[in-house]
Structures are given as structure tokens and as C-alpha cells.
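# Coordinate analysis (summary)
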Number of protein chains: 2
Amino acid sequence: MARHRSVFFVSDSTAITAETLGQSLLTQFEHIPFDPVTLPFIDSLDKAAEVVRQIDAATKGKGVRPLVFSTLINPRIREVLKESTGVFFDFIGTFLPLVESELKTQSSHTVGRYHGMVSDTQYSVRIDAVNYALGHDDGISTKNFEEADVILVGVSRTGKTPTCIYLGLQFGIYAANYPVTEEDFTQKDKRIYSLISPYMEKIFGLTINPERLHKIRSERRPGSRYASLGQCRLEIAMCESFFISEDIPFLNITSMSIEEIAATIMHAHKLPRRVV
Amino acid sequence: MARHRSVFFVSDSTAITAETLGQSLLTQFEHIPFDPVTLPFIDSLDKAAEVVRQIDAATKGKGVRPLVFSTLINPRIREVLKESTGVFFDFIGTFLPLVESELKTQSSHTVGRYHGMVSDTQYSVRIDAVNYALGHDDGISTKNFEEADVILVGVSRTGKTPTCIYLGLQFGIYAANYPVTEEDFTQKDKRIYSLISPYMEKIFGLTINPERLHKIRSERRPGSRYASLGQCRLEIAMCESFFISEDIPFLNITSMSIEEIAATIMHAHKLPRRVV
């Protein structure tokens, strides 16, 4: 068995960037068990000294050097951390001088700029976009589809709600969604056509493999008609035919993460990033 | 005026890590106007060649070399990108060999591992946690506070809902919230004490400066008593006294981002990360 490795994500701010960068490297080593510790807000020499003690204790305890992923901005705090027994991966120290040299200017070395409070406006944009997603969840209010940047359409349990929320939080995108049901196609008036047709250029379809949908729905309502494989197959077939006949771009999300679905939609509809 | 710089975030997957890396560096140069372009899913030599054309066109158009932040995993695709006229910041090429050498093993060089679909379980954990946040928003259902990892308490418009959703999406944390109103303190039974007291160790308080709250509430309900500075002052004073008398840890979120609030709560309550 592989030896457990301690990993520290250290930052003067939230440590989100340190975690993101560190994890993107660690996920390339799936056979090694890592024990991660996140240490945000390390913004003084005293706190840095305490982190060094913690890293050194991990080295002693496990008999192997921890990996330390740092996005520390303050050069003095970074110097303290470099004295630990851990292996120091210095994202800012590695790249910031290269960017400075290309831009021919000194950076501001301001802590907490990214993932920090950029402005009241950016904060409001995100909150408004999340509230929009919540208020336009599951077709509650189709009358405000005009305001939407994108409208996700798909049968129940295809990831529409979390994707809409993610688009709001991450990018400030106004994402509404419309849950397709069997009735949309069997009712005489075929209401889905009239509801959606004015907004065709905003529509993005989500679909999923019937077996996976059956599994997801069965966790919520075991044994129900709603969760049955037959019903899942029927709804998906109707919905996919609809996407194809109406020329709606769509995505099979069966083995996709929320981030992948969102990135695909942003890219396909060329949506603007309203928050950085 | 500073010259605009094109910036490209290029990835074989979602480009979230490339954006995170690049933006964390670019936010250190607040006086330079950047024109960012995100190019996810660059997973073939043909797509890479197209990106090179796009970068070279930007160089020609602006008369200055674009910055290119890459998290490309595939070494052959990276080699193609390096031939562009942009300044290439190679995150994986810089750090992955260092991690491999320390771990004394080759990495899997698998595209899309991070921010990709890790497992059905991790997907479900996030979705369940988001649904939990939505189902326990604004005190709708205090009876399920037992299941909560953390319960955010604060007056209306202190960022409770977006923070709960963020904690669910990002970390798989079950976060409920309880909106404090004037009645919680003026009613005879002081219901907040009985509702919250069984869960004291899970409670985290959010507060805000009255002037900022007045501004936020005025955008929603201009001229209302709810939005008046007097009412904002009253509610905040009552709520903060409550936090202090009950020894509840609390945070003033006036100039904090959702990420900072979430990171502070995770750290303060030592909450486990359920998703990577």
C-alpha cells in the first residue's frame, strides 16, 4: 500500500486558488492517498510560524515530507514557509515575476484580491443571478424568460437546477430552466412549443442515459412510475426528438460534472462572464 | 492609457483551473485592461492549431503579445500551443514534473480528471447538499436542523442563502439557515432561543454594517420600513447582542465575498470537505 502523504494548501486569503491548483495536480496521481489540510488567511508572520510547526509535525509523524501548495502573496510570509520541512510549491513566486516582466510593471502584491470582495456591483450581480435561478427554477415563472441569458430544458433530474445556480454564482449568468414532462408532448396544445418558441436562441437542452436517470430517480422515489426505466426511456425519447426536430443544441450529461456542463453551455452560447 | 492585453485561458477540459490561475495573477495588475477569452475542451491537435491562429490574430490586431495561461495536460497539444506568438504560462508543464519527482512516480496524464465527473457518489453528494440548502432556506423547515453541518443565522439580506448554496456546491456541506426577524426578540416566547438552542454547536452568525444593509434592502423594497436605516440598525443591534450573549461565533460580511465567508465558516467550524 502506498504511504499516505500530507498535503497543505496555504494562502493569505481563502485558499480556493491554492486548493484548485494543488488538486488539479494531485488528481493526476490516483493511486496515492493524500491527507489534505487547507489553511486560509495566513496573513501574519506568527500564523506562518504556526503553519511551519504544523508541517514539521506532519513530516515527523508520517516520516515523509508533506506537499505544500502556496498562493501566498506576501514575500516575507513565503520566506517563513520555505523554511519548513515540506516540499514547497510556490505558485505566485513562480509565475508572478514572469507576468511582471512581460507586462513591464510591478504588481500590487495585494492580498485577497482574487476571490475577495471585488466591488458591491460584482457582489450584487452574483446574488441577483442566483436569486434569478431560484425564482425561475422548474418552470415556476416562464413569464420572465425574456430576462434569461439561457434557458435549460430537460426532463426531471437532468441537473438543470444545480447548473443554473452554478452559472449564476460563478459567472453572474441569468439561467432559467424548464422541466419537460410527458404532458408537454401528449397534451393537445403541446404547450412546450408555445412557451419556448419565442426564446429559441436561448434554449439549451440537457439529456441523460435512461439507465442513469432510472437510478437517480429511484433514490428519490423508489418503485414509482416516475422512476421506472420505462418512463425514463419514454420521457428521454420524447425530449430528444423534440431537441432534434426543433434544432435545439443539447448535451448528454450522464458522465459530466456540473462544471463541465456549465463550461459547455458558456462556450456553446458564447455567454459573457459578468463576474471575474 | 494602458494598452489592452489579450489573455487566453486554454485547457483540455473546463478551463476552470486555467482561469483560476490566470485571474489570481492578473488581479495583481489592476491598472492594465485585459481582454480575456476562455477556450475549454481543446483536446485535439486540430483544435490546438485553431487556437494558435486565434492567438496570432490577437497579436497582430493589438500589436502586443497575448498572455496564454494553460492547464493543458496532453504534451503534444502543449507543444503546438508553444509555437504561438503569445507568452505561454505552462501550469502543468511547470509543476507536474516537480510533483512526479517528489512522489517518485509518473502521473496518469489523464485529461479532465479535476472538475470532471469524479464519481456518481461525489455528484450525488453535491446535488443533495444543494437541494438541502434550497429545502432549508430561510427557516422553512427548522425540524431538519439535525442533519445540518452548519446553521447560518442572521437578519434578512446578510448573504445566508448564497453562502449555503456555495457550501453545498463547493464542499458538499449541508448548510441550513435561519433568518432572524425583530419578532424573534420581541415575542413573549422568544422563539429563536428554543428553535436554535439544541443546535448551538452548529450555529454561525452573519452580520453586516447597517448602512450597507440599508442600501441592499433599498434596492429590493425602496422606501419600506424593512429597508429603513433605523430598522436595519435595530435588527442588527438585536442580532449582534444575541450572538454575544449566547457566545455564538459571528462574522461581519460587509466587505466579504461569498468565497471568503464560506472559507471562514469552513475554517471556524472545522467542517469536512466532502467533495474534491
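Conventions adopted
Residues numbered from 1 in each chain as written. Chains lettered and ligands numbered in written order. Predicted model: local features only at pLDDT ≥ 70, side-chain atom pairs only at ≥ 80, totals over all residues. Helix = DSSP H or I, 4+ residues; strand = E, 2+ residues; numbered from the N terminus. Rg over C-alpha atoms; globule rule 2.2 N^0.38 Å. Buried ≥ 20, exposed ≤ 12 C-beta atoms within 10 Å, placed from the backbone. Contact = placed C-beta atoms within 7 Å. Pairing = 2+ DSSP bridges. Axes fitted to C-alpha atoms, helices over the stretch in contact; angles between N-to-C directions. Parallel < 35°, antiparallel > 145°, perpendicular 65-115°, else oblique. Left-handed = near helix turned anticlockwise from the far one by under 90°. Nonpolar A, V, L, I, M, F, W, Y, C, P; charged D, E, K, R; others polar. Right-handed = clockwise from strand over helix to strand, strands pointing away. Domains from an automatic or database assignment. Least-squares fit on C-alpha atoms with pLDDT ≥ 70 in both. Expected span 1.5 Å × (residues − 1). Arc of directions from axis to C-beta.

### Regarding the overall build of chain A
- A count of helices and strands for chain A gives eleven helices and eight strands.
- The C-alpha atoms of chain A give 24 Å as radius of gyration, which overshoots the globular expectation for 276 residues (19 Å, by more than 25%).
- Taking the principal axes of the C-alpha coordinates as reference, chain A spans close to 75 × 50 × 30 Å.
- Sorting the 276 residues of chain A into buried and exposed places 46% on the buried side.
- Of the contacts formed within chain A by residues at least 6 apart in sequence, a portion of 70% connects residues at least 24 apart.

### Topic: the environment of S218(B)
- With respect to the secondary-structure elements, S218(B) resides in helix 9 (residues 210-220).
- Separated by ten residues in the primary sequence, S218(B) and S228(B) have C-alpha atoms spaced 7.6 Å apart.

### Observations concerning the sheet that holds strand 2 (residues 34-39) of chain A
Residue and element names in this part refer to chain A.
- As summarised here, the arrangement of the four strands in space is 2-1-3-4, forming an open sheet in which the pairing is parallel. Looking along the sheet, the strands with just one partner apiece sit at the ends: strand 2 and strand 4 (87-90). Ignoring which end each strand starts from, the neighbouring axes of this sheet average 20 degrees apart.
- Bridge analysis of strand 1 (residues 5-10) against strand 3 (residues 67-70) gives four bridges, and the strand direction is parallel. Within strand 3, the position partnered with F8 by the bridge is V68.

### A short note on the packing of helix 9 (residues 210-220) of chain A against helix 10 (residues 229-245) of chain A
All names here are of chain A.
- For the pair helix 9 and helix 10, the least separation of the axes is 9 Å and the interaxial angle reads 125 degrees. With respect to helix 10, the element helix 9 is oriented oblique. Judged by the sense of rotation from one axis to the other, the crossing of helix 9 with helix 10 is right-handed. Residues P210, L213, H214 and R217 of helix 9 lie in contact with helix 10, whose contacting residues are L229, C232, R233 and I236.
- Grouping the amino acids of the contact of helix 9 with helix 10 by side-chain chemistry returns five nonpolar, one polar and two charged.

### Let's talk about the pairing of strand 2 (residues 34-39) of chain B
All names here are of chain B.
- Here six bridges tie strand 1 (residues 5-10) to strand 2, and the two strands are oriented parallel to one another. Paired with S6 across the bridge in strand 2 is D35.
- Once you follow strand 1 into helix 1 (residues 16-26) and on to strand 2, the crossover reads as right-handed.

### Describing the domain arrangement of chain A
- Parsing chain A into structural domains produces domain 1 (5-103) and domain 2 (120-268).
- Each of domain 1 of chain A and domain 2 of chain A has a C-alpha centre, and the two are 39 Å apart.

### So, the relation of the copies chain A and chain B
- For these two chains of identical sequence, chain A goes onto chain B by a turn of 180 degrees and a shift of 0.0 Å along the axis, with RMSD 0.1 Å. Such a combination of turn and shift is consistent with a two-fold rotation axis. Within chain A, the C-alpha atom positioned nearest to the axis of rotation is that of L21(A), 3.5 Å from it.

### Points about the interface of chain A and chain B
- Taken together, the 53 residues of chain A in the interface contact 53 residues of chain B.
- Those elements that place two or more of their residues in the side of chain A that touches chain B are helix 1 (16-26), strand 4, helix 4 (91-103), helix 5 (120-135), helix 6 (160-171) and helix 11 (258-268) of chain A.
- Each residue belonging to the side of chain A that touches chain B can be placed in one class, and the counts come to 28 nonpolar, 19 polar and six charged.

### Some words on the sheet that holds strand 5 (residues 150-155) of chain A
All names here are of chain A.
- Reading across the sheet, the four strands line up as 6-5-7-8 and stay open at both edges, with parallel pairing between neighbours. At either end of the open sheet lies a strand with only one pairing partner, and these are strand 6 (175-180) and strand 8 (250-252). Direction aside, the axes of adjacent strands within the sheet are offset by 25 degrees on average.
- Relative to strand 7 (residues 203-207), strand 5 runs parallel, the two being bridged by three bridges. Its bridge partner lying in strand 7, I151 is registered against I203.
- Strand contacts of helix 6: strand 5, strand 6 and strand 7, with the helix running at about 175 degrees to strand 6, the strand carrying the most contacts.

### Some remarks on helix 2 (residues 45-62) of chain A
Residues and elements named next belong to chain A.
- With 18 residues, helix 2 extends 26 Å between its outermost C-alpha atoms, agreeing within 8% with the 26 Å of an ideal straight helix rising 1.5 Å per residue.
- Taken together, the buried positions of helix 2 are A48, V51, I55 and A58. In an axial view of helix 2, the angular spread of the buried residues amounts to 75 degrees, which keeps them on one side of the axis. For helix 2, the exposed residues lying more than 90 degrees away from the buried face are D46, R53, K60 and G61.
- Here the buried face of helix 2 lies against strand 1, strand 2, strand 3 and helix 3 (75-82).

### Some details on the packing of helix 5 of chain A against helix 6 of chain A
All names here are of chain A.
- Their axes nearest at 7 Å, the elements helix 5 and helix 6 cross at an angle of 165 degrees. Comparing the axis directions of helix 5 and helix 6 gives the class roughly antiparallel. In this structure, helix 5 crosses over helix 6, and the sense of that crossing is right-handed. Each of R126, A129, V130, Y132 and A133 in helix 5 lies in contact with helix 6, whose residues at this interface are C164, I165, G168 and L169.
- Here the contact of helix 5 with helix 6 is built from residues that sort into seven nonpolar, one polar and one charged.

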